[in-house]
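A look at the structure
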Amino acid sequence: LRLDEETQRAAHYLSPTSKAPLLSTTLAELVEKHAERLLTTSFDAMVDAHMLADLANLYSLLSSVSQLDSLKQHWAKYIKRVGLRLVQAPELDVGLVSEMLAMKQRLDDITKSSFQNNSLLAHALRESFEDFINSRRSKPAQLTAKFVDQCMRSGSRSADEDIESLLDRVLVLFRFLNDKDLFEGYYRRDLAKRLLYGKSVSTDTERSMVQKLRMECGPGFTKRLEGMLRDMDVSVDLDVKFTNLQQTLEADDIGFHASILTQAFWPTYEPMPLAIPREVELAQEQFVQFYSEKHNGRNLFWQPNLGTCLLKVEFDEGPKELSLTLVQGTVMLLFAERDELSYEQIQRDTGLEDVELMRTLQSLACGKSRVLAKEPKGRDVAATDVFTFNAAFKSSQMRIKIGQILLKEAEKESKEVEEHIQLDRMYQVDAAIVRILKARKRADHTALMAELLSQLKFNSTSAEVKERIETLIERDYIKRDDSDPSLYYYIA
């Protein structure tokens, strides 16, 4: 308003040549002198309150006096301060990704509506977001992958929204992550669960997300993810052919289905000893024979801990269908012929180890749906307990899903993922060092470090690189100069 008044006075009473210097002086006195104080005292509050009109006026004023650099500094400080407060608080982990998405949306609105998409401020937004999101190692990558998993699961709230739009927004956060390989590790494990247990919102959505990741990071990044999806397609085709063969042979149909997984694509799973029911074993042998005829020379290794089953059970109130893991189903089938079994008898008949057997029995006898009864009663399972079939079990549902007790599987899986990623990173560092020295023939430590860090797609410390250099020297891939320890040579 004051600037408009001064401009009008100059137009009415002064020479046109006086307008420019007078306006410059007015801006210097009214705006430039107070710019820093205005930014320090009011800027954060305006951004917090999402005052788009006031921020637009502030941007216009500071732009007119060439103070956008100061605005950029305060803008970057605000984003880092608010972002670090989110990322560095473990108690906020549950909703961290949602909070970051909301924050990014709010800041994008300000950049577009108030700052006129100024490239300087837009760049500051991207840099600041990248700084704070990577300030906590590995956790943001894990939580972002878990958020995508929740969105992609059938029955999730996101399934009713525009999931493609939501995934595009998550992909913006993904671009800021330095630990993209960690994201892939967690994402791959979650994708495996969705595919194997039929929990995906849709196959098309899964393919769409993998394609988005491929466009961002290249085919090497998504090779295993695409391989997993191909395996499921091949398994469906094989399943149809095997079912048709069983019908032709008029074999007993227990609804056996097998998924053939390529070991190189899927997460690593520990083998589990399990004496599966004879009917399942026969169907398994028939499938192996069927598969071997089509793919000679390939070996199948079964993973019963990944299997699921549907059992039809007669209770006093009528028949029910129990949706169980293969381990739970194996335990339940023991009660088809005997009403009472001790812990030792169940362990002998199934071959399960104590940890797995205890959590399985706990899910069947101590959970919400107690299809088994145990003596003595209690929430925990002991090796001295005796179990009986609970014929009096009641439920309003026809099909009851009984989930397995998770124990601390999440922590164990996280540790396994990070160990595999660290191993992959070691190989990548080794390959990059050898590749650089092979091209240069020799390089000093500083030059080698500079080129190595520019090639790696993840953060690596000097100590980690030095350790890999020593390993390569021991394995005779490279050697150190006798007179200058900081100089390395490639060994042909």
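Since this is a predicted model, take the numbers as computed values, not measurements.

**Some details on the packing of aromatic side chains**
A complete count under the given rule lists 18 aromatic pairs for this structure. For the ring pair F242 and F290, a centre distance of 5.5 Å and an interplane angle of 50 degrees mean the geometry is tilted. Placement of the pair is F242 in helix 12 (residues 219-249) and F290 in helix 13 (residues 278-294), with a sequence separation of 48 residues. Overall, F242 belongs to the buried group, its relative accessible area being 2%. Here F290 falls in the buried class, since its relative accessible area comes to 6%. Judged by centre distance (6.3 Å) and plane angle (15 degrees), the ring pair of F287 and Y291 falls under stacked. Residue F287 and its partner Y291 are located together in helix 13, separated by 4 residues, close to a single helical turn. What links up through ring pairs into an aromatic cluster is the set F242, F256, F287, F290, Y291 and W302. When the ring centre of Y187 is taken as reference, the NZ or CZ atom of R194 above it lies at 5.4 Å. Positioned above the aromatic ring of Y489 is the side chain of K479, whose terminal nitrogen or guanidinium carbon lies 5.9 Å from the ring centre.

**Points about the pattern of salt bridges**
Within the structure shown, the criterion is met by 31 salt bridges. In this structure, the salt-bridge partner of K80 is D131, at a minimum N-O distance of 3.3 Å. Residue K80 is found in helix 5 (residues 68-87), and its partner D131 is found in helix 7 (residues 119-133); the two are separated by 51 residues along the sequence. Its relative accessible area of 32% is what places K80 among the partly exposed residues. Of the charged contacts, one joins E184 and R224 as a salt bridge, the two residues approaching to 3.2 Å between their closest N and O atoms. Of this pair, E184 sits in helix 10 (residues 180-196) while R224 is found in helix 12, placing the two residues 40 residues apart along the sequence. Residue classification places E184 among the buried residues on the basis of a relative accessible area of 4%. When its relative accessible area of 25% is taken as the criterion, R224 is described as partly exposed. Residues participating in the shared-partner salt-bridge network are D149, R153, R194 and E206.

**Notes on the sheet that holds strand 5 (residues 386-389)**
The strand order 3-5-4 describes an open sheet built from 3 strands, whose pairing is antiparallel. Each end of this open sheet is capped by a strand with a single partner; those strands are strand 3 (340-342) and strand 4 (372-375). When strand polarity is set aside, the average angle formed by the axes of neighbouring strands in this sheet is 25 degrees.

**A word on the packing of helix 6 (residues 96-113) against helix 9 (residues 163-176)**
Following both chains from N to C, one finds helix 6 and helix 9 inclined at 95 degrees, their axes separated by 10 Å at the closest point. With respect to each other, helix 6 and helix 9 are oriented roughly perpendicular. Contacts from V97, M100, L101, A102, K104 and Q105 of helix 6 reach helix 9 at L166, R169, V170, V172, L173 and F176. Per-class residue counts for the contact of helix 6 with helix 9 are 9 nonpolar, 1 polar and 2 charged.

**A look at the pairing of strand 2 (residues 318-325)**
Sheet analysis places strand 1 (residues 308-315) next to strand 2, joined by 8 bridges and oriented antiparallel. Note that in strand 2 the partner of L310 across the bridge is S323. Between strand 1 and strand 2, which pair antiparallel one after the other, the connecting turn spans 2 residues. Judged from the 3 bridges that link them, strand 2 and strand 6 (residues 399-401) form a sheet pairing that is parallel. Looking across to strand 6, one finds that L322 is bridged to I400.

**Some words on the environment of K438**
Looking at the secondary structure, you find K438 in helix 17 (residues 409-440). Along the sequence, K438 and A336 sit 102 residues apart, while their C-alpha atoms lie 67 Å from each other.

**A word on a nonpolar patch on the surface**
Judged by side-chain polarity, L423, M426 and Y427 come together as a nonpolar surface patch covering roughly 280 Å² of accessible area. Considering the arrangement of structural elements, one finds M426 in helix 17. Of the residues examined, M426 reaches a relative accessible area of 30% and is grouped as partly exposed.

Thresholds applied
Residues numbered from 1 in each chain as written. Predicted model: local features only at pLDDT ≥ 70, side-chain atom pairs only at ≥ 80, totals over all residues. Heavy atoms only, no water. Phe/Tyr/Trp six-rings, centres within 6.5 Å; stacked < 30°, edge-to-face > 60°. Helix = DSSP H or I, 4+ residues; strand = E, 2+ residues; numbered from the N terminus. Buried < 20%, exposed > 50% of the residue type's maximum accessible area, 1.4 Å probe, protein only. Lys NZ or Arg CZ within 6 Å of the ring centre and 35° of its normal. Salt bridge = Lys/Arg side-chain N within 4 Å of Asp/Glu carboxyl O. Pairing = 2+ DSSP bridges. Axes fitted to C-alpha atoms, helices over the stretch in contact; angles between N-to-C directions. Parallel < 35°, antiparallel > 145°, perpendicular 65-115°, else oblique. Contact = heavy atoms within 4.5 Å. Nonpolar A, V, L, I, M, F, W, Y, C, P; charged D, E, K, R; others polar. Patch = residues over 30% accessible without salt bridge, like charges linked within 9 Å, V, L, I, M, F, W, Y side chains within 5 Å. Areas by Shrake-Rupley, 256 points an atom, 1.4 Å probe, with all protein chains shown as cover.

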